[in-house]
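# Tertiary structure, described
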Amino acid sequence: MSPSGEAPEKAGYDAAAAQVKWQAFWERDRTFEARNDSPKPHRYVLDMFPYPSGDLHMGHAEAYAMGDVPARLWRMQGYEVMHPIGWDSFGLPAENAAIRNNTHPAEWTYANIETQKTSFKRYGLSLDWTRELHTSDPEYYRWTQWLFLRFFERGLAYRKDGFVNWCPEDQTVLANEQVVNGECERCHTAVTKRELNQWYFRITDYAQQLLDDMDQLEEGWPSRVLAMQRNWIGRSEGAHVDFVVDGRDEPITVFTTRPDTLYGATFMVVAPDAPLADELVSDEQRPAFEAYLEAVKKTTEIERQSTTHDKTGVFLGAYATNPVNGEKIPLLAADYVLSDYGTGAIMAVPAHDQRDLDFARAHDLPVRVVIETGEADPTESGVATAGDGVYVNSGPLDGLDDKKSGIARVLEVLAERGTGRATITYRLRDWLLSRQRFWGCPIPIIHCSSCGEVPVPDDQLPVELPDLRGADLAPKGTSPLAGEAAAGWREVACPRCGADAERDTDTMDTFVDSSWYFYRYCSPGLVMAPFDGADLAAWMPVAQYVGGVEHAILHLLYLRFVAKVLRDMGMIDFDEPMKRLLNQGQVINQGKAMSKSLGNGVDLGKQIDEFGVDAVRLTVVFAGPPEDDIDWADVSPGSSLKFLQRAHRLATDVTSPKDVDPGTGDQALRRVTHRTISDITELIGLGRFNVAVARVMELVNATRKAIDTGCGPSDPAVREAVRFTAQALSLVAPYVAEEMWEVLGEEPSVANSTWPVPDPQLLVTESVTMVVQVQGKVRAKIEIAPGITEQEATAVALADPNVQRSLAGREVAKVICRLPRMVSLVPAN
Ligand code: ANZ
Ligand code: ZN
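An account of the accompanying structure is given in this report. Since the model is a prediction, treat every value here as computed from it, not as a measurement.

What counts as what
- Residues numbered from 1 in each chain as written.
- Chains lettered and ligands numbered in written order.
- Predicted model: local features only at pLDDT ≥ 70, side-chain atom pairs only at ≥ 80, totals over all residues.
- Heavy atoms only, no water.
- Helix = DSSP H or I, 4+ residues; strand = E, 2+ residues; numbered from the N terminus.
- Buried < 20%, exposed > 50% of the residue type's maximum accessible area, 1.4 Å probe, protein only.
- Contact = heavy atoms within 4.5 Å.
- Areas by Shrake-Rupley, 256 points an atom, 1.4 Å probe, with all protein chains shown as cover.
- Lys, Arg positive; Asp, Glu negative; His and termini not counted.
- Charge placed at Lys NZ, Arg CZ, Asp CG, Glu CD.
- Phe/Tyr/Trp six-rings, centres within 6.5 Å; stacked < 30°, edge-to-face > 60°.
- Lys NZ or Arg CZ within 6 Å of the ring centre and 35° of its normal.
- Pairing = 2+ DSSP bridges.
- Axes fitted to C-alpha atoms, helices over the stretch in contact; angles between N-to-C directions.
- Donors = N, O, S within 2.8 Å, 3.2 Å for Na, K, Ca; no water.
- Tetrahedral: all angles 85-135°; square planar, octahedral: opposite > 155°, others 65-115°.
- 1 Å grid on protein atoms, 1.4 Å probe; cavity = no way out; pocket = protein on both sides within 12 Å on 5 of 7 lines; lining within 4 Å.
- Points joined across faces, edges and corners; volume = space filled by probe spheres on them.
- Nonpolar A, V, L, I, M, F, W, Y, C, P; charged D, E, K, R; others polar.
- Near = heavy atom within 4 Å.
- Polar contact = N/O pair within 3.5 Å; in protein donor to acceptor, adjacent residues only side chain to side chain.
- Core = buried A, V, L, I, M, F, W, Y, C linked by side-chain atoms within 4.5 Å.
- Salt bridge = Lys/Arg side-chain N within 4 Å of Asp/Glu carboxyl O.
- Expected span 1.5 Å × (residues − 1).
- Arc of directions from axis to C-beta.
- Parallel < 35°, antiparallel > 145°, perpendicular 65-115°, else oblique.
- Left-handed = near helix turned anticlockwise from the far one by under 90°.

Bringing the overall build of the protein into the picture now. Along its length, the protein carries 28 helices and 33 strands. With the C-alpha coordinates aligned to their principal axes, the bounding extent of the protein is approximately 100 × 85 × 50 Å. Counting across all 829 residues of the protein, residues that qualify as buried make up 55%. Restricting the contact set of the protein to residue pairs at least 6 apart, pairs at least 24 apart contribute 72%. When the accessible surface of the protein is split by element, carbon and sulfur atoms take 49% of a total near 34,900 Å². Where the 82 positive side-chain charges of the protein centre and where its 120 negative ones centre are 5 Å apart.

Turning next to helix α25 (residues 734–743). A large share of α25 lies buried, amounting to 8 of its 10 residues. Of the residues making up α25, those classed as buried are P734, Y735, V736, A737, E738, E739, M740 and W741.

Okay, the packing of aromatic side chains next. All told, the structure shown has 34 aromatic pairs when counted by the stated rule. Plain terms: the ring middles of Y206 and F561 are 5.5 Å apart, the flat faces sit at 65 degrees to each other, and that makes the pair edge-to-face. A residue pair is termed long-range when its members are at least 10 positions apart, and Y206 in the loop between β7 (192–201) and α6 (207–212) and F561 in helix α18 (residues 554–568) qualify at 355 residues. Summarising the burial analysis for this pair, Y206 and F561 share the class buried. Within the aromatic cluster, the residues linked to one another by ring pairs are F148, F151, F152, W199, F201, Y206, W431, F511, Y558 and F561. Taking NZ or CZ as reference, R43 lies 4.0 Å from the ring centre of Y79, over its face. It is K311 that lies over the ring of Y336; its NZ or CZ is 5.8 Å from the centre.

On to the sheet that holds strand β26 (residues 581–584), then. Across the sheet, which stays open at both edges, the 4 strands sit in the order β2-β1-β25-β26 with parallel pairing between neighbours. Of all the strands in the sheet, the pair left with one neighbour each is β2 (80–82) and β26. Neighbour-to-neighbour, the strand axes of this sheet turn through a mean angle of 20 degrees, independent of strand direction. Summarising the sheet, strand β25 (residues 544–548) and β26 pair through 4 bridges and their orientation is parallel.

For the rest of this paragraph, the subject is the coordination of the zinc ion (ligand 2). At this site the zinc ion (ligand 2) is bound by C448 (SG), C451 (SG), C494 (SG) and C497 (SG), with donor distances of 2.2 to 2.4 Å. With 4 donor atoms in place around the zinc ion (ligand 2) and angles of 106 to 115 degrees between them, the coordination shape is tetrahedral. Read in sequence order, the donor residues coordinating the zinc ion (ligand 2) give the pattern C-x2-C-x42-C-x2-C. One end of the pair, C448, is in strand β20 (residues 445–448); the other, C497, is in the loop between β22 (491–493) and β23 (500–503), and 49 residues separate them in sequence. Taking relative accessible area as the criterion, C497 reaches 40% and is therefore assigned partly exposed.

This paragraph deals with empty space enclosed by the protein. All chains considered together, the criterion is met by 3 cavities of 30 Å³ or more. Taken as a whole, the largest cavity holds about 90 Å³ of empty space. In this structure, the largest cavity is lined by V69, V621, I680, I684, F689, A692, V693, V696, A728, L731 and V732. Elements that contribute at least two residues to the lining of the largest cavity include exactly α22 (667–685) and α23 (689–709). Of the pockets and cavities examined, the second largest cavity occupies roughly 50 Å³. The wall of the second largest cavity is formed by T144, L147, F148, F151, F201, V512, S515, W516 and V562. Among the residues making up the lining of the second largest cavity, the classes are represented as 7 nonpolar, 2 polar and no charged.

A word on the layout of surface pockets. Approximately 870 Å³ is the volume found for the second largest pocket. Around the second largest pocket, the lining is made up of 40 residues, and of these K160, S339, D340, Y341 and R429 lie nearest the centre. The greatest single-element share of the lining of the second largest pocket, amounting to 7 residues, is contributed by strand β3 (residues 157–167).

Moving on, we get to the site of ligand 1. The environment of ligand 1 is made up of 17 residues, and the closest members are S236, T256, L338, Y341 and R427. Residue L338 places a main-chain N or O atom 2.8 Å away from a nitrogen atom belonging to ligand 1. R355 places a polar side-chain atom, nitrogen or oxygen, 3.3 Å from an oxygen atom of ligand 1. Residue assignment for the shell around ligand 1 shows that the elements contributing at least two residues are β9 (252–256) and β13 (345–348). Here the shell around ligand 1 is built from residues that sort into 8 nonpolar, 5 polar and 4 charged.

Turning our attention to the nonpolar core. In this structure, Y44, F148, W431, Y517, Y519, Y545 and F561 are the most contacted members of the largest nonpolar core, which totals 93 residues. Here this core gets 10 residues from one element, more than from any other, and that element is α18. Not counting the four nearest positions on each side in its chain, F148 is found in contact with A157, W199, F201, L433, I443, P444, I445 and M508.

Looking now at the side chain of T419. Inspection of the secondary structure assignment puts T419 in the loop between α13 (403–417) and β16 (420–426). In this structure, T419 is in contact with H240, V241, D242, P323 and L414, ignoring residues within four places of it in sequence.

This brings us to the pattern of salt bridges. With the rule as written, the count across this model stands at 43 salt bridges. Here R675 makes a salt bridge to D679, at a shortest N to O gap of 3.3 Å. Highlighted residues: R675 and D679, both in helix α22, separated by 4 residues, approximately one helical turn. The buried category is assigned to D679, whose relative accessible area is 14%. In this structure, the salt-bridge partner of D708 is R704, at a minimum N-O distance of 3.2 Å. In this pair, D708 and R704 are both assigned in helix α23, 4 residues apart and thus about one turn of the helix distant. Given a relative accessible area of 32%, D708 falls into the partly exposed group. Three or more residues joined by partner-sharing salt bridges are found here, namely D213, R560, K564, R567, D568, D575 and E576.

The pairing of strands in a sheet happens through backbone hydrogen bonds and is either parallel or antiparallel. Sheet architecture is open: 3 strands sit in the order β18-β24-β19, paired in antiparallel fashion. Each edge of the open sheet is held by one strand with a lone partner, namely β18 (434–435) and β19 (441–442). Bridge count for β19 against strand β24 (residues 507–508) is 2 bridges, and the pairing is antiparallel. Paired with C441 across the strands is M508, a residue of β24.

This part covers unusual backbone geometry. Apart from glycine, the bulk of residues carry a negative phi angle, and the bulk of peptide bonds sit in the trans form. Look at the link from L461 to P462: it is a cis peptide, with omega at 0 degrees. By the element assignment, P462 lies in the loop between β21 (452–455) and α14 (487–490). Positive phi is not limited to glycine here, since Q590 has a value of about 50 degrees. Mapped onto the fold, Q590 is located in the loop between β27 (587–589) and β28 (592–593). With relative accessibility at 57%, the residue Q590 sits in the exposed group.

Bringing helix α1 (residues 15–29) into the picture now. The terminal C-alpha atoms of α1 lie 21 Å apart, and with 15 residues this matches the ideal 21 Å at 1.5 Å per residue to within 8%. All of the buried residues in α1 are A15, A18, Q19, W22, F25 and W26. Viewed end-on, α1 has its buried residues packed into an arc of 140 degrees, placing them on one side of the element. Seen from the open side of α1, the exposed residues pointing more than 90 degrees away from its buried face are V20, E27 and R28. On the buried face of α1, the contacting elements are α2 (58–76), α4 (105–122), α19 (604–611), α20 (613–622) and α25. Between a side-chain oxygen at the N-terminus of α1 and the backbone nitrogen of A16 the separation is 3.2 Å; the capping residue is D14.

This part takes up the packing of α20 against helix α21 (residues 637–653). Here α20 crosses α21 at 115 degrees, and the two axes come no closer than 8 Å. Judged on the interaxial angle alone, α21 and α20 are roughly perpendicular. In the crossing of α20 with α21, the sense of the turn from one axis to the other is right-handed. In contact with D614, A615, L618 and T619 of α20, α21 contributes P637, S640, L641, F643 and L644. Within the contact of α20 with α21, the residues separate by chemical class into 6 nonpolar, 2 polar and 1 charged.

Rendered as structure tokens:
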């Protein structure tokens, strides 16, 4: 190889060989195994664990490349880093594949895990494999069941009847979070409603805490994720108002955010699918009501909430009395009122609420303005007015002229009569966790006809799934565990009274499995408990969590909720388990998400075969800010590979001895190296990984120049620069970094090396380049001291021969200084 750098491409680093060599080394050396009892400070880097759907794909390639950056940096900075991996291995796709291929879900699942595992290892991640877990292993789900029972004891797990989201394709219920635009998030079938008895976690008990504790996440979590969670929780301040119904003892209560419009309520609406509607309907109106209810059940949630949806409804044959003016108003059922929000009943104020106005106009109901806003009369315009104005037709509120005082006044009136009070409502619903499918964690409850719901005693956990090999797992609306093939598993003696009883046949939503896995990594294989307090103290909370923004609500809200329950149980001593969150973008191709139907998929394995792991990882990290999508059509793994070869060549060019003192080396190159060390360390802390890579590239260029046309390959500063290049590259291109490290004669692994601290003296900037513009055109670049004054800068600029030439004797009318970088001269006329 010539020192001029023009080495042929094939020389130097052989990606495929390096991959095999260093994987074996890391495994033998146990380089990435984390020790709970290490005296070093601990840091926990966590990637959202994968679902074993097949081999790794480009999306994994991006997510895991990002997580490896801080993990490797912190390790070299002297932290004991835990970077574990496992599999979220229960779930529907395994079951569907098993049905298609006539195999057992476990076979498909564990075969895919093996495939992914091999790929993960090849991908060169700094993972600790000794902590590997699978949520479908009985030794894991034993503790999922144990946690369920603790929730059950605290009244946080309960069963109730209700209309639930039902996917007709998967034949199972879905949580609200799993319904996206009215469709099943997995199979995109339109979701309908079914009345079923289901298990729930009482996450609504924690709604306010989930909101309040977001203060602790302001710094470390992307603000859009916090906004999405805040929205989902949907805190709404308003009032409960009671209305007496003719012929009924108990009043009905509505939730309203505008109690100040109470005098304008001209009718009331109840959700047709709320039990209340069924209670209120008169005999005469019952047939019409039931026909309407049938139709409503077929509409999807999204249709119901759409503003353009026809405002259908029926009269219930009942009347209520407005508590403030004694007026009798009719009760109707209409599907624009939802059964599971507020109280499932509203007072309709058509003049000031658009949905109510649309409904009133469609059904010929009266409209009464109670706030004069100066806008067109809603009765005529068809547009409800929502703003402030002067109250009219409103008894004691008349004459007030703003919402705040209106609300305060009406609350006083309601309080005097005991018919209303201020309240807070949340959009968040309890977490529906039961699923009527086989491949999930069995719910550890036994149903006894005399004792009711009896928890399986702790010492009988886990309740293992029966094998059911060969049984029909096809979805039929009830769990396969409720079928004939599982009778032997299902029929047990009641643990309390010994009578014949039956196990619960539902399994848990996989989001239960993934709501606590990160605690288990801290205490792998622990037999007596799900995790140990001292182990958690060593690692938790997670310093950096990395995963897709598609989990902004579901997974991230559930794990926050579970943490709060564990905290209240005294099992953990923090409020929030994830200190920092990074949501990487997606890898797309030609502007579109990769998909089979578009045929624009990019195969990760092929990319690796062609360019090597390092080049693929470097490409992914360099492509842009971690949060942004990467369009594979716009990137070039080929150029990444060329760059890595260039970097590798630097190492082979170094001729100084290994322990040479860099202090005597070329000062200019040393300054570049130390500036780069300082910048990269800071950039990674800020999550700007792509810019950090750009800085490594600059360092490689500067070093090349120093070798070829500057101080030469034997200068100690060159060794120093190349040494740091290898360390910095190890964050994204670990194989070539190890090779370089070895070529430099250093002790492997580079992962065990110490990340350098920049020499502050070398960071002092002695001069900066000042650009001089004349009429907007650059005419000179002058080295100046950073502290230069405007007067000095102007004088230096005017003295420059090029500047003088372009001024051509004209006077300078105006000087604009952006010191120390620029002086701009505007000549007269
Ligand atoms: C009377 C009223 C007058 C209302 C007015 C609004 C404006 P947010 O802000 O989302 O909490 N509402 C209450 N429960 C409902 C349900 N189950 N389904 C559909 N709508 C429901 O919305 C609260 C408002 O939405 C409530 O305040 C109620 O209408 C309606 F000028 O009451 B309002
Ligand atoms: Zn019993």
